[in-house]
Structures are given as C-alpha cells and as structure tokens.
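# Observations on chain architecture
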Amino acid sequence: MVSIEELRACAAKLLDEGKVKAVIGYRRGSAGLLAEPCVIDQPADTESLIWDPGCVHNLALYLVKDKKAQAASKTPDKRPLAVVAKGCDSRAVAVLLQENFFKREDVVVIGVSCEGTGVVDARKLAAKLKGRTASQVEFDGADGFKVTIGNTESRVPASEILADRCLECRAPSPVLNDVLFGTAVEQRELAMPFTAVKAAEAASEEERWASWEHHFDRCLRCFACRSVCPMCYCPECVVDSTSFVITAETSAEDKANRVRWCERSAGSGESALYHLTRAMHLAGRCVDCGECERVCPVNIPLRLLNTKLEMEAFEMFEYQAGRDVSQASLLSSFRDEDPNSFVR
Amino acid sequence: MLNPAKTMTPVQDDFEPKIVAFLCKWCSSAGSDLAGVSRLQYPPNAVPIQVMCSGSVSPLYIMSAFKKGADGVLVSGCHPGDCHYMKGNYFARRRLFLVQKLLNFVGLEKDRFRMSWVSAAEGAKFAEVVGDFVRDIKALGPQRRLKVRR
Ligand code: SF4
Ligand code: SF4
Ligand code: FES
C-alpha cells in the first residue's frame, strides 16, 4: 500500500530543502470522485495531496507545460519540478527524457505503484451505479475498490470498474523513479495486454471500416485528445497550422498556395487524416496512459489506434515506449531483420 | 444525408484507378524511365512523384493522397543496402510497415497501399509492379473510404 503520509512528508521535505520549485500531484477534486491535478509550492500545503483510484491524470503533461512556459519566459525559473507518477506517467517522463525534451536533473519523480489495481473508469462506474453518484473511491485490498455513495460503502472488484488501460497495463509500477511508494510489482493477475486491439482486429475489414467511419464522422475536432497528451508537445500541429499569418497584404495566391494538409472542417475524411497522422506521430511514443480516450467528449476509442501500433512495435520490433531512457526511438532505428516480406 | 460512398456501385467496367507513386530519385524513378525508354507496355495509371529517398516519404503524404482520392499509393525505393543515403530505406521500411498496418486496421483494403524495391536497372520489374497494382486495384474498385466527401 502507498502510505500517503510518507508521500506528503517526502513532498514537504523536497520543498523545505529547496530541492524543487514545486510538486505536481493530486488533490481532492471539487466535482465528483476524480482527483484534481495541483501544483504545490509551500511545504504546509502538501497536506492536501492524495492518492486514490480517482487519480487518473497523466501529470507528465504539466512538466511539458512548465518547460514551454519557462522557454517563453524572460525570467525563467530553472529549478527542478517534482511530479507524482504512476506506472504510465513515469513512462511518459522516460519518453520525454529519451527525446531530450528536458534533462534528468530537471525532474524528481515521486513514483506511486498501482500494485494490483489502478485507476477507475468513471464511465464504467457510472454505468454500474445506475444513476447514483459515488462521492469517493478508495483502494481496498489487492484487487478491489471501496465505493462511497452517500453514507453507505460497498466493495467493488477492481476488474469491474478499472480503466481499460489499467486492465491491459504491463508495468503498473513506475520504472523510472527517484523515490517509490508502494510495492513494485512486475507481474499481476489482471495483465491482459492488447485485449481490446485483438478483439477489434477480429472483425472483418468492412466491419472495421464501418465502425471507424462512424467514429471519424463523430469527431468534433475539439483537439482535447491532443491537448491532454504529454507526447503531443509540438509548438505547431501539422493538422492545424497557426503560423500562417494573414494580413491585408497577403495575396490570394499566397493563401491558395499555402500547404494545408488538413482542413478544419470536421468531416470524416479530414478527421481520419488527423487521427491516422496522430497515431503515426505517437508510434513508439504513446505510453498508453489512456488520457486521450478519457477526455474525448464523444467517446471515440482512441486508445485502439495507439495500442495497435504499440502492439506491432512490441511484436515486430521488440520495442516498448518508456522502457529505457537510453534506447534509440522506434522510428529512428532499424534492424536488418525488420519485416521485409510486405515489400514487393 | 445521402452518403455517396454507400449509394454508388463500387465496380465500374471502365474504372481506371489513379495511383500515386512516390519514387526514389536514385533508383525507382530511374527504373521507371528505363521502362519508358525500353518501350515496355504497362498501364499508365501511376502518377509519379519523385522524392529524394524512400526515407523522405512522410506518412502524411500517404494519408493525404488517400484523402484526395487516390485509389492506391505506391512507395518505391532502392533495395536494402543500396540506398544513396545508406539507411533511408531501412527507416522507410519500418515506418511504412506501421502505416500499412494502421491503414488496414481502420478498414482500408490491404491492396491499396504497396511498397516495392526497384533499382535503376529494373525497368521490367517496375512495369510488373505497376501492372500488378493496377490489376489488384481494379478488382477493388474506386477508393471511397478515406476520400474526403464534398
Ligand atoms: S477528443 Fe474526441 S472529438 Fe475531440 S478531437 Fe479528439 S477524437 Fe475528436
Ligand atoms: S496518445 Fe493518449 S494514451 Fe498515448 S500518451 Fe497520449 S494521451 Fe496517453
Ligand atoms: S536513395 Fe533510394 S531509397 Fe534512399
């Protein structure tokens, strides 16, 4: 079990000794059972830190945001940041380090092990409660959650309301950490890697297209999936160019000739290009934190696209994102024995 | 709304596929020239786009071609070991392996994307690759899945 007192003490100590400028962690949210990300810079405030199954967010995102803010600032504060990280979050930090987005000494990883369970899927829980709302979810033993509804508490087996990505998770304990709370587990009962992708693959080509056409059609292009992803850190996205400034002097020809890979209109063709391109840009980088899928307002199963490539990378190239900070990235390396039979 | 993809009959007899072919300047593009000067007969459906190396073909080029209505996309480069830039085709092979898996995963027909190694001396192979590709795509009919509808 993760001892929250020890975690708070550790955070307070880091701040007290001036080792970090702030600790990024979770605190109780004001709406519902999900925690809320918070940035704490006073040792006394570490009392509000929590760790429960509602801590769904991938906090590596805020390391990226801080790095960007410091780069844009005239008086950057270059002191390191500490971050509370689950297994998947620590993989995200590892990929960012591998890509040299920031340096190892810029971040202190306070690892928390998900041990036998993980975080809840609020949609699954809502469906299970049939209209009642839970105010809190807590860990209960190695394979269950304690759900509080009003004044009553009940125990729910973890496998029923666990987020899909946790059900499929292969590394629930942070591999990259400076300090670890909870027990490091490597193998666990639940591990069912790539279950969802394999199920999707079992359908015929026609069925697969029918379902993806439906999903691409529904995409609002709100870009929430891109905003929440710690790996989508490009200053300008290829599908949504923002650097082309139109002034009174811009000629019609300039406007017509500018390269536009993707139109803003949210039709299925344009959205397909967005999602397929995004999936390729995340190949070997997506750490399967499931955040994109969680935030999608129209429930597009985005994880499928990313885990499909994750599975191919794992099976064909023995590559796992975030496993090793020093490994060459998936697409900037090759082996002579890479598959060749698909080429004529 | 009427969905044209679902109302039109997929295969017409006079269907001539449009194929976008990204050809490496150092090999496949020269290979296609050789096929031409050797007066080999092969279908004229491929629109060649010369690139400096198969490794320079971004997945975005491929998705974009399909979005704009290509019935098939071919990427052709130098044989492994022969890339002018040493490693470009190895990078391309890995990347496009993933592209091809991803496209098929969302339901684009397998035969719509193809990769080949054609050297500057292989005019006949180039003609064969294009001929086979056109034949396979004719069997599939026009590509409507990833094409943008206006
Ligand atoms: S979050 Fe969902 S609706 Fe918004 S852009 Fe992403 S896939 Fe589309
Ligand atoms: S693509 Fe989605 S699951 Fe993958 S790292 Fe980004 S937010 Fe997480
Ligand atoms: S130069 Fe031909 S594939 Fe690289």
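Just so it is clear, the structure is predicted and the values come from calculations on it, not from any experiment.

Residue and element names in this part refer to chain A. Pairing in this open sheet of 5 strands is mixed, and the strands run β2-β1-β3-β4-β8 from one edge to the other. For this open sheet the edge positions go to β2 (36–40) and β8 (179–181), each flanked by a neighbour on one side alone. Recorded for the sheet is a direction-independent mean angle of 25° between the axes of neighbouring strands. Relative to β2, strand β1 (residues 22–27) is paired through 5 bridges, and the arrangement is antiparallel.

Attention shifts here to the packing of helix α8 (residues 205–218) of chain A against helix α11 (residues 268–281) of chain A. Residue and element names in this part refer to chain A. Running from amino to carboxyl end, α8 crosses α11 at an angle of 100°, the nearest separation of the two axes being 8 Å. As far as their axial angle goes, α11 and α8 are roughly perpendicular. The residues of α11 that touch α8, namely those facing Glu 213, Phe 216 and Asp 217, are Ser 268, Ser 271, Ala 272 and His 275. A per-class count over the contact of α8 with α11 returns 2 nonpolar, 3 polar and 2 charged.

A few words on helix α5 (residues 123–140) of chain B. All names here are of chain B. With 18 residues, α5 should reach 26 Å at 1.5 Å per residue; the first-to-last C-alpha distance of 26 Å fits that figure. Considered for burial, the residues of α5 that qualify are Gly 123, Phe 126, Ala 127, Val 129, Val 130, Phe 133, Val 134, Asp 136 and Ile 137. Following α5 by one or two positions, Gly 141 has its phi on the positive side, about 85°.

Lining the immediate surroundings of ligand 2 are Cys 229, Arg 278, Leu 282, Cys 286, Val 287, Asp 288, Cys 289, Gly 290, Glu 291, Cys 292 and Asn 306 of chain A. The class makeup of the residues in the shell around ligand 2 is 6 nonpolar, 2 polar and 3 charged.

All right, on to the interface of chain B and chain A then. With 40 residues of chain B in contact, the opposing surface of chain A contributes 44 residues. Interface area for chain B against chain A, summed over the two sides, is near 4,100 Å², with a carbon-plus-sulfur share of 67%. A salt bridge links Glu 270 of chain A to Lys 67 of chain B; the shortest N-O distance between them is 2.8 Å. Taken together, chain B and chain A are joined by 17 residue pairs in polar contact (both at pLDDT 80 or more). When residues of the side of chain B that touches chain A are traced back to their parent elements, those giving at least two are α3 (59–67), α4 (88–105), β4 (113–117) and α5 of chain B.

What follows is about the pattern of salt bridges. Tallied over the entire structure, the rule returns 34 salt bridges over all chains. Across the pair Arg 303 of chain A and Glu 168 of chain A runs a salt bridge whose closest N-O atoms are separated by 2.9 Å. Of the two residues, Arg 303 of chain A is situated in helix α13 (residues 302–317) and Glu 168 of chain A in the loop between α6 (164–167) and β8; the sequence distance between them amounts to 135 residues. Classification of Arg 303 of chain A as buried rests on a relative accessible area of 5%. On the basis of relative accessible area, Glu 168 of chain A is assigned to the buried category, the value being 8%. Salt bridges sharing common partners tie together Glu 318, Arg 335, Glu 337 and Asp 338 of chain A together with Arg 94 of chain B.

Quick notes on the rules
- Residues numbered from 1 in each chain as written.
- Chains lettered and ligands numbered in written order.
- Predicted model: local features only at pLDDT ≥ 70, side-chain atom pairs only at ≥ 80, totals over all residues.
- Heavy atoms only, no water.
- Pairing = 2+ DSSP bridges.
- Helix = DSSP H or I, 4+ residues; strand = E, 2+ residues; numbered from the N terminus.
- Axes fitted to C-alpha atoms, helices over the stretch in contact; angles between N-to-C directions.
- Parallel < 35°, antiparallel > 145°, perpendicular 65-115°, else oblique.
- Contact = heavy atoms within 4.5 Å.
- Nonpolar A, V, L, I, M, F, W, Y, C, P; charged D, E, K, R; others polar.
- Expected span 1.5 Å × (residues − 1).
- Buried < 20%, exposed > 50% of the residue type's maximum accessible area, 1.4 Å probe, protein only.
- Near = heavy atom within 4 Å.
- Buried area = accessible area lost by both parts, 1.4 Å probe.
- Salt bridge = Lys/Arg side-chain N within 4 Å of Asp/Glu carboxyl O.
- Polar contact = N/O pair within 3.5 Å; in protein donor to acceptor, adjacent residues only side chain to side chain.

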